[in-house]
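These are the residues of each chain, in order.
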Amino acid sequence: MLLVRNMPRLLKQFVPPLIGFLLGYMWRVLDSSPLETTSNLENDLPLFTGPSSTLLVLVISSPSNSLLRNTIRETWLSVSKKNHNFKAFFVIGERSLNSKQVYDLSQEKVRHDDLLLLPMHDSYGTLTSKVLKSFEFSQKNFKFDYLLKCDDDTFVDIEKIVDELEQQNERTLYWGFFDGRAPVQTKGKWADPQYRLCDKYIPYALGGGYVLGRSLVQYMADNSRMLELFNSEDASVGTWLAGLKVKRKHDSRFDTEWKSRGCSNQFVVTHKQTQADMKIKWKRLAKYGSICEGAETKVRLSYNYDWSKPPSECCIRSDHSLP
């Protein structure tokens, strides 16, 4: 009888807090941001399995560049993977696409099974994040010794790259065409207002194509949440690796500056290529073992990076013998 008489008081005391707790919990669940539920790449991308590869190639692309991707598939990525131990994927951000882009990418993925779709917006402003996320995913889901990052307007002599990598065992390799004098831009598309370390970028390999040993990829993937995302993707990588024990290898056979230096049959990576350029280079490479149509051309001189001098004095264009 006493419990019955006290029931209204007990209900008044305990029911409101309980209702408040339940409503608060439901609000938090319903109000969860989509970004929070898709922040782990493992939950959004398929897990690729298979044997270890000497080289993992990540071609940074964009949703609308399907013709470039097809050209790459038909040319330098058509090299036999049975005879050369590599895997290759095109990296694309899949957020905020229109219905046609979604459909086209889904069909492309079914046909080729070589798209690495990241849960993020795809734009130049997100390029650094895109590259870093691709490193994270690759580290967690692929077995590889080295990683080649390049753009979808880059031509690569993949056979030569793989063959040379198989002759060495350097897990901290950072291989490409380095620059140590590049000024930090303050205006325009390439402005980098967050880069306050110096008025010039720390030496880095230019982004048209560079190779990283697995240990370096692992370091960036494991520490991705602590890395500052600068506007320049390639300069960001150089800065992130600045304090590590890295085997930096400058190679003038990487033609990866803002404008191609011409055509040399020694080039292993050539940036700023059109679809027609790639088809011509591939046809000659497959038939003759060289990429230049006719005589080699040189628009401007290259340089050897002098690591014994300060970065501002690193790169003198004076050697006419360099490719």
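Structure: above.
Let me begin by describing the structure that accompanies this report. (Residues numbered from 1 in each chain as written. Predicted model: local features only at pLDDT ≥ 70, side-chain atom pairs only at ≥ 80, totals over all residues. Heavy atoms only, no water.)

### Describing the state of the cysteines
For step 1, the next point in the chain: Summed over all chains, the structure comprises two disulfides.
For step 2, the next point in the chain: Here Cys-263 pairs with Cys-292 through a disulfide, and the sulfurs are 2.2 Å apart. Of note, the bridge from Cys-263 to Cys-292 carries an S-S torsion of about -105° and is left-handed in sense. Pair noted here: Cys-263 is in strand β12 (residues 262–263) and Cys-292 is in the loop between α10 (275–288) and β14 (297–298), with a separation of 29 residues, a long-range link. Comparing Cys-263 with Cys-292 shows no difference in burial state: the two are buried.
For step 3, the next point in the chain: The disulfide partner of Cys-314 is Cys-315, and the gap between their sulfur atoms is 2.0 Å. With the S-S dihedral at roughly -95°, the linkage between Cys-314 and Cys-315 falls on the left-handed side. An identical accessibility class is assigned to Cys-314 and Cys-315; each is buried. (Disulfide = S-S within 2.5 Å. Helix = DSSP H or I, 4+ residues; strand = E, 2+ residues; numbered from the N terminus. Buried < 20%, exposed > 50% of the residue type's maximum accessible area, 1.4 Å probe, protein only.)

### Quick look at the side chain of Asp-152
For step 1, the next point in the chain: Its place among the elements puts Asp-152 in the loop between β4 (144–151) and β5 (155–156).
For step 2, the next point in the chain: An unpaired buried charge is present at Asp-152: no salt bridge exists, and Arg-69, the closest side chain of opposite charge, is 5.2 Å distant.
For step 3, the next point in the chain: At 2.9 Å, the side chain of Asp-152 forms a polar contact with the side chain of Ser-61.
For step 4, the next point in the chain: A distance of 2.8 Å separates polar atoms of two side chains, one belonging to Asp-152 and the other to Asn-65.
For step 5, the next point in the chain: Apart from the residues lying within four places of it in its own chain, the contact partners of Asp-152 are Val-59, Ile-60, Ser-61, Ser-62, Asn-65, Leu-68, Ile-72 and Met-278. (Lys, Arg positive; Asp, Glu negative; His and termini not counted. Salt bridge = Lys/Arg side-chain N within 4 Å of Asp/Glu carboxyl O. Polar contact = N/O pair within 3.5 Å; in protein donor to acceptor, adjacent residues only side chain to side chain. Contact = heavy atoms within 4.5 Å.)

### Describing the sheet that holds strand β1 (residues 53–60)
For step 1, the next point in the chain: Overall, mixed pairing links the seven strands, which are arranged β3-β2-β1-β4-β9-β6-β10 in an open sheet. Taken across any chain shown, the strands that pair with only one partner, and hence form the sheet edges, are β3 (115–121) and β10 (247–250). Averaged over all pairs of adjacent strands, the angle between strand axes in this sheet comes to 20°, irrespective of strand direction.
For step 2, the next point in the chain: By the bridge criterion, five bridges tie strand β2 (residues 86–95) to β3 in an arrangement that is parallel. Its bridge partner lying in β3, Val-91 is registered against Leu-116.
For step 3, the next point in the chain: Set on the sheet, helix α8 (residues 214–222) makes contact with β4, β6 (173–176) and β9 (209–213); between it and β9 the angle comes to about 90°.
For step 4, the next point in the chain: Helix-sheet contacts for helix α9 (residues 233–240) involve β4, β6 and β9, and the interaxial angle to β9 is about 25°. (Pairing = 2+ DSSP bridges. Axes fitted to C-alpha atoms, helices over the stretch in contact; angles between N-to-C directions.)

### Comments concerning the pattern of salt bridges
For step 1, the next point in the chain: Under the criterion given, the structure shown has 17 salt bridges.
For step 2, the next point in the chain: For Lys-100, the salt bridge is made with Asp-104, and the minimal N-O distance between the two is 2.7 Å. Remark: Asp-104 and Lys-100 occur in helix α5 (residues 99–112); sequence separation between them is four residues, near one turn of the helix.
For step 3, the next point in the chain: Among the residues examined, Lys-100 registers a relative accessible area of 57% and is labelled exposed.

### Quick notes on the environment of Lys-149
For step 1, the next point in the chain: Examined against the element boundaries, Lys-149 turns out to sit in strand β4.
For step 2, the next point in the chain: Note on Lys-149: relative accessible area 1%, which makes it buried.
For step 3, the next point in the chain: Ignoring any residue separated from it by four or fewer positions in sequence, one finds Lys-149 in contact with Leu-58, Ile-60, Val-131, Gly-207, Gly-208, Gly-209, Tyr-210 and Glu-233.
For step 4, the next point in the chain: For Lys-149, the side chain forms a polar contact with the side chain of Glu-233, separated by 3.1 Å.

### Topic: helix α7 (residues 158–165)
For step 1, the next point in the chain: Of all the residues in α7, the buried ones are Ile-158, Ile-161, Val-162 and Leu-165. Each buried residue of α7 sits inside an arc of 95° when the element is viewed along its axis, so together they form one side. (Arc of directions from axis to C-beta.)

### Quick look at the packing of helix α4 (residues 66–74) against α10
For step 1, the next point in the chain: Between α4 and α10, whose axes approach to 10 Å, the crossing angle comes to 5°. Relative to α10, the element α4 lies roughly parallel. Judged by residue contacts, Leu-67, Leu-68, Thr-71, Ile-72 and Glu-74 of α4 engage Gln-275, Met-278, Lys-279 and Trp-282 from α10.
For step 2, the next point in the chain: Here the residues of the contact of α4 with α10 are counted per class, giving five nonpolar, two polar and two charged. (Parallel < 35°, antiparallel > 145°, perpendicular 65-115°, else oblique. Nonpolar A, V, L, I, M, F, W, Y, C, P; charged D, E, K, R; others polar.)

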